[in-house]
Amino acid sequence: MFSALWGCALFLGLTAGIGMEAAASLLFAVNVYLAISHSWSTTYMVVASPLLREERRLDRRKWTYIPLAVVGFSLLLGVGIGVYDAFPHTFPLTSSQWLWGVYLGLFWVGHFWHFGNQDFGVLSIYRLKAGQTGRRDRLIDKGFAVVMMFVIQPFVYLKAVTNSPFQEAFFSYVPLSRDFVAVGAEIALIAAVALTLVVMGIEIAKGDTSIPKLLYYFVMLAHPAILYFTHYKLAFFYIISYFWSHWLIAIGLVGLINTNYYRTLGFGAPGSLYRHVRALSLIVVVAAIFHHYFFMFNKFSGGDYKEILGQVPPQFALIVGLVLGVFLAEQLLHYYCDRCLFRFRDPAVRKRVSPLL
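Residues numbered from 1 in each chain as written. Predicted model: local features only at pLDDT ≥ 70, side-chain atom pairs only at ≥ 80, totals over all residues. Heavy atoms only, no water.

Another aspect to go through is the environment of W108. Among the structural elements, W108 can be located in helix α5 (residues 98-129). On the accessibility criterion, W108 (2% relative accessible area) is buried. Placed 192 residues apart in sequence, W108 and F300 show a C-alpha to C-alpha distance of 8.1 Å. Contacts of W108, omitting those with residues within four sequence positions, involve Y157, F166, F300 and S301. (Helix = DSSP H or I, 4+ residues; strand = E, 2+ residues; numbered from the N terminus. Buried < 20%, exposed > 50% of the residue type's maximum accessible area, 1.4 Å probe, protein only. Contact = heavy atoms within 4.5 Å.)

Structure follows, in structure tokens:
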């Protein structure tokens, strides 16, 4: 849950022992497997796990048909990009590349929404463990998560990550200057520090103060703060504190839920863990093979996206578009399934999932 803190500390120790270059190589070697495991763990739980079999039977629309629709739409969008040659060639993007803009928009709007909701979910877990059941407590955490991830983080990202697909699409279609965004990012960072101090002060003033919540408020502040000041070396700490933190929280919570489910069936700890890993291993291996062969087309981030996608030969455009659709489907399906699994206001989730946490 706090891998942003111990992960950065371990990476710092690793760089001291083997050097930055070797430590960075190890980080990138592990990175893609963590990303895949995180995406498919929640997707598996919603669409295929025995735990939610009864819920899928009772509500096909939510647990089966909507996931299928998300996949189908994503594939059609990717195919549309290939068929209508909407691949990005130059900056700024033109009106004929609007499908590429929609493609990126769905991923990045979903990204910030998804990360923000996880932050609120983590705060909710520790809020409930501390006995903070009041509406005011929930609203403070919800408001803080919304502002930090839906407003502050996008502003800082647009300023800090230059020449990324999202940044160039934003400046192609939104009538705001880079100078305006740079000033907005500076104001956003100051606001992030001020808001964090306020919510931490409110938490400390309570009689039922939660130390884990205080630590996680700090983790949430680290996201825009490290990104704003990022350079070569800080970028690795940003990957750990932002991406790895998010991924490991999802992997850990799903592992806890599923192993505890198998324990309720009478299996011991080793047997429960084995069944959980066995269920996910085949999915992760297949996804990893796909990523290995087609990773060059995974262009939600990366400054070389125009060089790769802008030179796709016409005879391969449909295939590349389909690959783009698969990558988008993987992400959007994960966003949806993560919300299904962790939306504890849903009676079915409270009944099946909550007791296992």
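A full pass over the atoms with the stated rule returns 1 cavity of 30 Å³ or more. In this structure, the largest cavity encloses a volume near 50 Å³. Every element with two or more residues in the lining of the largest cavity is listed here: α5, α9 (211-228) and α10 (232-264). Examining the composition of the lining of the largest cavity, we find that 5 residues originate from one element, α10, more than from any other. Considered class by class, the residues forming the lining of the largest cavity number 4 nonpolar, 5 polar and 1 charged. (1 Å grid on protein atoms, 1.4 Å probe; cavity = no way out; pocket = protein on both sides within 12 Å on 5 of 7 lines; lining within 4 Å. Points joined across faces, edges and corners; volume = space filled by probe spheres on them. Nonpolar A, V, L, I, M, F, W, Y, C, P; charged D, E, K, R; others polar.)

Our focus in this paragraph is the layout of surface pockets. Gaps left between atoms show up when a probe the size of a water molecule is rolled over them. A volume near 1,100 Å³ is recorded for the largest pocket. Looking at the largest pocket, it is lined by 42 residues, and the ones nearest its centre are N31, I239, F243, W247 and S301. With 8 residues, the single largest contributor to the lining of the largest pocket is α10. A class-by-class count of the residues in the lining of the largest pocket yields 22 nonpolar, 17 polar and 3 charged. A volume near 920 Å³ is recorded for the second largest pocket. Contributing to the lining of the second largest pocket are 32 residues, with F120, G121, S124, F342 and F344 lying nearest its centre. Among the elements of the structure, α5, α6 (135-160), α10 and α13 (317-342) are those that each provide at least two residues to the lining of the second largest pocket. By residue number, the principal contributor to the lining of the second largest pocket is α5, which donates 13 residues. The class makeup of the residues in the lining of the second largest pocket is 15 nonpolar, 9 polar and 8 charged.

All chains considered together, the criterion is met by 31 aromatic pairs. Measuring from ring centre to ring centre gives 5.3 Å for F11 and F237, while their planes differ by 85°; the resulting arrangement is edge-to-face. Highlighted residues: F11 in helix α1 (residues 3-18) and F237 in helix α10, separated in sequence by 226 residues. Since its relative accessible area comes to 5%, F11 is described here as buried. Relative accessible area serves as the criterion here: at 16%, F237 is assigned to the buried category. (Phe/Tyr/Trp six-rings, centres within 6.5 Å; stacked < 30°, edge-to-face > 60°.)

Moving on: the nonpolar core. Of all hydrophobic cores here, the largest spans 86 residues; its most connected members are W100, Y103 and L324. A per-element tally of this core places α13 first, with 14 residues. Setting aside residues no more than four positions away along its own chain, Y103 makes contact with L77, I81, F300, L324, F327 and L328. Membership of the second largest hydrophobic core comes to 13 residues, among which are F11, A23, L27 and I239. (Core = buried A, V, L, I, M, F, W, Y, C linked by side-chain atoms within 4.5 Å.)

In this section: the pattern of salt bridges. For the structure shown, the criterion picks out 10 salt bridges. Between K306 and E168 there is a salt bridge, with the nearest N and O atoms lying 2.8 Å from each other. Taken as a pair, K306 in helix α12 (residues 305-309) and E168 in helix α7 (residues 165-173) lie far apart in primary sequence, 138 residues in all. Look at E168 and you get buried, because its relative accessible area is 3%. A salt bridge links K299 to D304, with the shortest nitrogen-to-oxygen separation between them at 2.8 Å. Residue classification places K299 among the buried positions, given a relative accessible area of 8%. (Salt bridge = Lys/Arg side-chain N within 4 Å of Asp/Glu carboxyl O.)

Bear in mind that shape data such as this cannot, by itself, settle questions of function.
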